[in-house]
Amino acid sequence: MWAEFGLDWVDAARVVVSAIAFYVAVLLLVRFLGQRTLSSLSSFDLAAIIALGAVIGRAILGDTPTLLAGLLGLTTLLALQAITGELRRNRKAATIVNSPAVLLMAGPRLLDENLKRSHIVSSEVYSKLRMAGVRSLEEVACVILEPTGQISVLKRGEKIDPALLVGVVGAELVPEEFVG
């Protein structure tokens, strides 16, 4: 039946297996390279992502892409995305799929080891501080790289609820005077 549309069972299986392999590879690479990899893209990053998508799409669909192969590849990728979304609801599975939040600044002090581990440079942190209206490093209670890749800035003033720091790598470095 599918052969009429340019896709036999072997090609269909290849599309599904290729889609799964690339999906898992992208998840692993993003996990390894850090959550900032895809969170805020420069024009150069966007061009690279488009090129990577084209390469992956071509590899999934094969030499002569067909409508049916495209629909099968798309369906497989969306099903994987739905499965991953469900895995995030399970606490143990979420630790595999999601990157943890990471403390980047404790008070006015940059945490160089966490910056390096997260593939963040100090200029990115300073940019986020400016965007948050920070005019002096002394205004900072902490800066956190979120699992989404976004950077959160918490200023001095109100004490930080300890529940907000649960699961944050390096949370113990936030000065006690800021946590209540």
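Please refer to the structure placed before this passage.
The paragraphs below set out a description of the structure included in this document.

Conventions and cut-offs
- Residues numbered from 1 in each chain as written.
- Predicted model: local features only at pLDDT ≥ 70, side-chain atom pairs only at ≥ 80, totals over all residues.
- Heavy atoms only, no water.
- Patch = residues over 30% accessible without salt bridge, like charges linked within 9 Å, V, L, I, M, F, W, Y side chains within 5 Å.
- Areas by Shrake-Rupley, 256 points an atom, 1.4 Å probe, with all protein chains shown as cover.
- Salt bridge = Lys/Arg side-chain N within 4 Å of Asp/Glu carboxyl O.
- Helix = DSSP H or I, 4+ residues; strand = E, 2+ residues; numbered from the N terminus.
- Pairing = 2+ DSSP bridges.

Among the surface-exposed residues, Ile20, Val24 and Leu28 lie close enough to one another that they form a single nonpolar patch of about 250 Å² accessible area. Counting through the fold element by element, Ile20 comes out in helix H1 (residues 9–33).

As paired strands, strand S3 (residues 140–145) and strand S4 (residues 151–155) are joined by five bridges and run antiparallel to one another. Along S4, the bridge assignment pairs Ile144 with Ser152. Turn length for the S3-S4 hairpin, with the two strands adjacent in sequence and antiparallel, is five residues, and the turn residue Gly149 shows positive phi of about 100°.

Moving on, we get to the sheet that holds strand S2 (residues 109–110). Backbone hydrogen bonds are what pair the strands of a sheet, in a parallel or an antiparallel way. As summarised here, the arrangement of the four strands in space is S2-S1-S3-S4, forming an open sheet in which the pairing is antiparallel. A strand with exactly one partner marks an edge of an open sheet, and here the two such strands are S2 and S4. Pairing between strand S1 (residues 102–106) and S2: two bridges, direction antiparallel. The partner of Met105 across the bridge, within S2, is Leu110.

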